[in-house]
Amino acid sequence: MKLIYSTVVRTPKIKPLICFTIISMVLVTIASQLEIFALGVITKGDSVVHTAKSGNFIDTVISQLSEVMPVTKSLFNLAIFLVFVALFKATTLFLFRFNTKKIAILVSKDLRLRFFEHIQTLPMSFYQKHNIGSLSSRVVNDSYVIAESINSCLVNYLQTPFTVLTTLTLCFLTSWQLSLIMFIGFPLIVFPIFFIARRIKKISREILNNQEHFLSVLIDFISGIQTVKVFSMEDFSLKKYVEQNDKLADLERRSARYDVSSRPVVHMIGMSFLATALIYGLYIQKMEISEVVFFCGLLYVFYEPIKKFAEENNRIQRGLAAAERLHEVLNQKNHQEDSKNAQTLTSFEKAIEFKDVWFKYEDQWVLKGLDLKVEKGQTVAIVGPTGAGKSTIAQLIPRLYDVNKGEITIDDTPITTLTQKSLREHIAFVPQKSFLFIDTISTNISFGKTILTEKIEAASQRAHADEFIRRLPKGYKTVLSEAGKDLSGGQQQRLTIARALVKEAPILVMDEATSSLDVVSENHIKLAIQQLKGEMTQIIIAHRLSTIEGADKIVVIDDGRKVAEGTKEELLKSCLQFQMMWQTMHQANEPVGV
C-alpha cells in the first residue's frame, strides 16, 4: 500500500482531484440512501394522500420532509421529489465515475513519464539485464493497473466505510433487532474476501511476469520475421508463441476463478441474511411493508459496497503487484552519476589516453590492461577479430560504461571527473546499428538540435546521403517509417553518419560505421574520413581494412589486449596477425609484400 500511496503523493495536481472525488463519493452514497427512502415513501400507500402518522423512523422523516415539500399530500410533489432524487443520483454518479477516470489517466500519464525519464538516466548495463518486451510491458500495462488500483483504494477505504457506517446508522434507527442480524453475516463476508485477495496478488504477479515473456517472444519474432521466413521456421516460431500464450492463458484462468468467485460467495451470504431479515420483520416483528422494504433497501445499500469490496480488492492486489514490478525499475540507481565536483569539459586540446584499462561484462574480462593514446587531430583505427573488445573501446570513451580498473583521460583529466553531458557533447558517435525514429529525415539528422538546413545538407553530402535523399518525393522533409525500414541498410547508416558530422564535435567515434555500405558508398565515406583528417580526431572501429588504409595509426586488438600499433605499412612488416587479416580480406589471391 505504501507504494500506491507514494505514487499518489508524487503525482502533480492530483490531490485536489482526489478531494473532489471523495466529495462526489459521499454524495453518491447519500443519493443511494435517498433512493431507498423514496422507495419507502412510495410504499407508504395511504400516507401519500393523507398526512403521515408518526410512530417509526420512516414516518418521522416523511413528516419532516412534508413540512418542506408535502409529498404525502400530493402525487405531483411526490413526482417532483422522485425526479430530484433521480437527477441527484445521476449527477453525483457521473461526477464520481468521471473523476475516477481522470485520476487513472493522470496517474498513468505521470508513471509513464517518470518511468521513461528514469530509464534514460540508467547505465547501459541496465539494458543488458532487461529486454524491450519487459520494459514495454511495465511502462504501458503496469502503469494502467496501478492507476486503476488507486481508484479501488478510494472506493474500498473511503467510500465503503462511509457507506457502511451511515447506512448501518439508518438501519438501527429503523429496527435495531433486524440490524443485529447484519453483524452475524458481516464476518462471514469478510473472511472469503481476504482469503481470495492473497491468492489474487500472487497470481497477478505471475501474470505480469509472464506477460513480459509473452511480449518479448512476440517482439523477437516480429523483428526477425525475415529470418523466420527465409529459414521456413514459421512452425517453430508458432510453437514458441503457443507455449507462452498457453502459460499466460492458464494463469489468467486461475486468476479468473478467484476473481469471479468472490462476488457469488458474498452475494449468497448477503441474500441469506436479507431473506432472514424479511421473514423476521414481517412475521415476527409484524413491521409494516413500507418499513421492511425500506430496511431491506438499506440492507442492499449496506451489502453492495461490501460485495464490490472483493472485486475492488482484487484490483488493489493487482496494482500492488504491478507497483512492486514498476518500482523495481524506478528504484534502480544510476551508478554512473556525475560526481559532486565534476568539471565541465570546455575543449579538447591534447589527447585521449587509455591507461592500463580493464573492463568486464558480468564476470568476463573484455579488456585486459589496455594502453592506448590518440593525439588530437589523429585518425586512429582499431582492428581485430570479433569479440576482441573493439566496440567496447568505442563505448568506454563517452562513458556508456565505466572501466573496472585503470582510467581513461582527456587532456590528462580522467573522464570520470567530467560531467557526462559535457563529455558527450565533444563526441560524435556512429553506432554499429543505425537508430532512426519516425520523423523527417532533416529531424533525424539534426536529432533535437536547431541546425541550419545548409549545414544539414552539407553533412549529408559528406556522408554521401544527399544524392538518395533528393530522390525521395519530399527530400529532406520525407517522414521515415519505424526504424527507417523504408530505407536500405546502407542508406540508414549514411544518415547516422550525417548526424554525427552535423554535430561538429571535435572527436568522432565510428563503430563499424561502414559495415552496411556498398563499395561505392564506402569509398565516399573513405574520402570523407580522409577529408576530416586534422579537422576532427577520429577513432574508427573497422572490419573492412580498406576503409582505414589512410589512418595515421592502426591498433591491432586481440582478446582484450593491444597486439601492435603503427601505420599500415609498418604493421604489414611487423605484425603477422595484421598481415593475415590484410591478406584474407583484401589480397586473398596476391602475396603480401614484407
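Shown above is the structure to which this text applies.
Residues numbered from 1 in each chain as written. Predicted model: local features only at pLDDT ≥ 70, side-chain atom pairs only at ≥ 80, totals over all residues. Heavy atoms only, no water.

J.: Even after reading the chapter, I still don't get the packing of aromatic side chains, so can you show me in this structure?
T.: Two numbers describe a pair of aromatic rings. These are the distance of the centres and the angle of the planes. Here the structure, examined in full by the defined rule, presents 10 aromatic pairs. A centroid spacing of 5.7 Å and a plane angle of 5 degrees characterise the contact between Phe94 and Phe98, whose relative ring orientation is stacked. With Phe94 and Phe98 both in helix 4 (residues 75–121) and four residues apart, the pair spans about one turn of that helix. For Phe98, a relative accessible area of 42% puts it in the partly exposed group. A ring pair is formed by Tyr361 and Tyr401, whose centres lie 5.4 Å apart and whose planes are at 85 degrees; its orientation type is edge-to-face. Taken as a pair, Tyr361 in strand 1 (residues 351–361) and Tyr401 in the loop between helix 11 (390–396) and strand 4 (405–410) lie far apart in primary sequence, 40 residues in all. Here Tyr361 falls in the partly exposed class, since its relative accessible area comes to 21%. Judged by its relative accessible area of 8%, Tyr401 falls in the buried class. These aromatic residues form a ring-pair network of at least three members: Phe359, Tyr361 and Tyr401. (Phe/Tyr/Trp six-rings, centres within 6.5 Å; stacked < 30°, edge-to-face > 60°. Helix = DSSP H or I, 4+ residues; strand = E, 2+ residues; numbered from the N terminus. Buried < 20%, exposed > 50% of the residue type's maximum accessible area, 1.4 Å probe, protein only.)

J.: Would you mind going over a nonpolar patch on the surface with me for this structure?
T.: Taken together, the side chains of Leu278, Ile279, Leu282, Tyr283, Ile284 and Ile289 present a nonpolar region at the surface, about 600 Å² in accessible area. Tallying contributions element by element places helix 9 (residues 234–284) first for the nonpolar patch, with five residues. You can see Ile279 is positioned in helix 9. (Patch = residues over 30% accessible without salt bridge, like charges linked within 9 Å, V, L, I, M, F, W, Y side chains within 5 Å. Areas by Shrake-Rupley, 256 points an atom, 1.4 Å probe, with all protein chains shown as cover. Salt bridge = Lys/Arg side-chain N within 4 Å of Asp/Glu carboxyl O.)

J.: Is there a simple way to think about the nonpolar core in this case?
T.: Considering soluble globular proteins, one finds that nonpolar side chains tend to be buried as a cluster. One finds Ile445, Leu495, Leu508, Met510, Ile548 and Phe578 to be the most contacted residues of the largest nonpolar core, which totals 45 residues. Setting aside residues up to four positions removed in sequence, Ile445 forms contacts with Ile456, Ser460, Ile469, Tyr476, Leu495, Ala498, Arg499 and Val502. Ile4, Ile119, Leu122 and Val329 belong to the second largest nonpolar core, which has 32 residues in total. (Core = buried A, V, L, I, M, F, W, Y, C linked by side-chain atoms within 4.5 Å. Contact = heavy atoms within 4.5 Å.)

Any functional reading would require information beyond the geometric quantities listed.
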